[in-house]
Amino acid sequence: MEDAIKVGLCGLGTVGSGVFRLLSENAALIRNRIGRNIIITKVATIDRYDNLGLDFSQTRVLDSVDDILQDPEIDIVVELIGGKTIAKRIVLESLQAGKSVVTANKALLAEYLEEIFHAAYKSKGTLGFEASVAGGIPIIRSIKQGFSGDRIDKFSGIVNGTANYILSAMSRDGINFHNALKDAQERGYAEADPTFDIEGIDAAHKVILLMAVSFNTLFEYSQLYIEGITGIDPVDIAIAAESGYVIKLLGRGLRTEKGYEGRVCPALVSKDNMLASVTGAFNAVSVWGNFVGETLSYGAGAGSHPTASAVVSDIIETARLINAGIDNPVPPLNIEAECLTKKDILPIDDTESEYYLRIMLNNTEKSINSIIRILSEADIDIRSMGQKPVSNDLPTQKNLILFTEMANEKRMQLAIQKLNGLSFVTKPVRMIRVEH
Ligand code: HSE
């Protein structure tokens, strides 16, 4: 048997320790699959590691990444420390040195997409980032290799488990956002700073990566439209349910004749849509290819073991290339370097959607007529309209519920501004897009 593949592991936190455990527990199986051992020869960590129950007999534990970066014996550098400073150095220096890199760092990849992928294209090493999107679901590999003959026209998915857990809990138990967030934090789902989960930032990082591999194009993260779930009211969840919908935080990318759309926002999803039944901390991504049609991948989007599974799948893919003595035949963004371009994401104002509107108002026929006129002047067609009482304490007020046909976002925003200016509209209009 040939020499072992040598791995330098940067970070021994939740995911890093999961990778160590997986490579150790499944060592014999992996050796049979690739014909070589994979050994983590060096680990860099600043955290306590003697309480993890791991066997470090073949591993040197270091408190700095330098020894890993400078070690010519290491074949694959695994970056699992997160953040954008040391992690960026690890990824770029390793690629520049011709080493292969595996990372789960979606924030780093999304925010420095162009710089990192240009380095990956130039490197003799590979860049594996399966674990950066939807944890254990092999969605990057599915798109890059499973659908490699298809033109990807659209993807839409639930890519943040914490947000999905919160919305599912609000929906199931009728609790408000803050109590659901507390519950998610107690279960350890939320990121260290839950802002990333609840404001859609974590999902946005993943959407940029999905757009890049789906559309084989570089994009600017700052151009992505991002709206989180902090404004979701249990009232909207209840009304959506009565109307046959659930509210999900969806990340989506779309190829249109005008260009590429990309957004993260809460959306009403029909109960018939498979994404509607994805509850709790699970993730799922639908991808539409022009030949394969619609596909759906489902699984755990986070957690030590599922994410470790994705990291190790990249390590094994790289080990097989090293075995075969070839460079990666799959380019980092599934397109040859000379064809790789950067494109703008269409501004949200230029996109179209169906909309749900909840307008709290003093209930008079005249007021409803004014609302219909404003929407009609904005060229927005109403598909259905209904009324709901607000509460027993406010007997004169009603929630007017409207579902629209497809309409332009900018016209919708201008109409909402006008509606908010009406004297009988008693609270800002609540608008949620409807997944079409
Ligand atoms: N906090 C993230 C989530 C972890 O809830 O999905 C995985 O990126």
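Procedures and definitions
- Throughout this document, residue positions are counted from 1 along each chain, in the order its sequence is written.
- Per-residue local features are limited, in this predicted model, to residues with pLDDT of at least 70; the limit for side-chain atom pairs, both in listing and counting, is 80 or more; totals at the level of whole chains, interfaces and linings are taken over all residues.
- Side-chain figures throughout are based on the complete set of non-hydrogen atoms in the structure, without hydrogens or water.
- Numbered from the N terminus, helices here are DSSP runs of H or I no shorter than four residues, and strands are runs of E no shorter than two.
- With C-alpha atoms as the basis for the radius of gyration, the globule rule is written as 2.2 Å multiplied by the number of residues raised to the power 0.38.
- Categorising residues by exposure relies on relative accessible area from a 1.4 Å probe, with only protein chains included: less than 20% of the type maximum marks a residue as buried, more than 50% marks it as exposed, and the intermediate range marks it as partly exposed.
- Residue contacts are counted whenever heavy atoms from the two residues lie within 4.5 Å of one another.
- Accessible areas in this description were obtained via Shrake-Rupley with a 1.4 Å probe; residue shielding takes into account the shown protein chains only.
- Domain boundaries shown here were taken from an automatic or database domain assignment.
- Accessible area that two parts lose when put together, with a 1.4 Å probe and added across both, is what the buried area reports.
- By definition, a salt bridge exists where a carboxyl oxygen of Asp or Glu is found within 4 Å of a side-chain nitrogen of Lys or Arg.
- Pairs of N or O atoms within 3.5 Å make up the polar contacts considered here, provided that, within protein, one atom can donate a hydrogen while the other can accept it, and that residues adjacent in sequence are counted only when both atoms are side-chain atoms.
- Working definition of a nonpolar core: buried Ala, Val, Leu, Ile, Met, Phe, Trp, Tyr and Cys residues. They are joined through side-chain atoms within 4.5 Å.

## Points about the overall build of the chain
Now for step 1: The secondary structure content of the chain amounts to 15 helices and 19 strands.
Now for step 2: Against the 2.2 N^0.38 benchmark of 22 Å for 436 residues, the chain shows a C-alpha radius of gyration of 24 Å, consistent with a compact globule.
Now for step 3: With the C-alpha coordinates of the chain rotated into their principal frame, the extents come out at 80 × 50 × 35 Å.
Now for step 4: Residues classed as buried in the chain amount to 56% of the 436 residues present.
Now for step 5: Partitioning the contacts of the chain with sequence separation of at least 6, the portion at a separation of at least 24 is 73%.
Now for step 6: When the accessible surface of the chain is split by element, carbon and sulfur atoms take 48% of a total near 18,900 Å².

## A few points about the domain arrangement of the chain
Now for step 1: When the domains of the chain are assigned, the result is domain 1 (5-137 + 304-337), domain 2 (140-299) and domain 3 (348-435).
Now for step 2: On a C-alpha basis, the centres of domain 2 and domain 3 stand 25 Å from each other.
Now for step 3: Summing both sides of the interface, domain 2 and domain 3 together bury roughly 1,800 Å²; the carbon and sulfur share of this comes to 52%.
Now for step 4: Linking Lys154 and Glu435 is a salt bridge whose minimum nitrogen-to-oxygen distance equals 3.4 Å.
Now for step 5: Seen at the junction of domain 2 and domain 3, the total is 11 residue pairs in polar contact (both at pLDDT 80 or more).
Now for step 6: Elements supplying a minimum of two residues to the side of domain 2 that touches domain 3: strand E7 (152-158), helix H12 (234-242), strand E10 (245-255) and strand E11 (260-270).
Now for step 7: Take the side of domain 2 that touches domain 3: its biggest share by element is 7 residues, from E11.

## Description of the nonpolar core
Now for step 1: Grouped together as the largest cluster of nonpolar side chains are 73 residues, with contacts concentrated most on Leu127 and Ile139.
Now for step 2: Here this core takes 10 residues from helix H11 (residues 201-215), the largest share from any one element.
Now for step 3: If we skip the residues at most four places from it in the chain, Leu127 touches Val91, Leu95, Val101, Thr103, Leu109, Ile116, Phe117 and Ala120.
Now for step 4: In this structure, Ile5, Leu22, Ile38 and Val43 belong to the second largest nonpolar core, which totals 29 residues.

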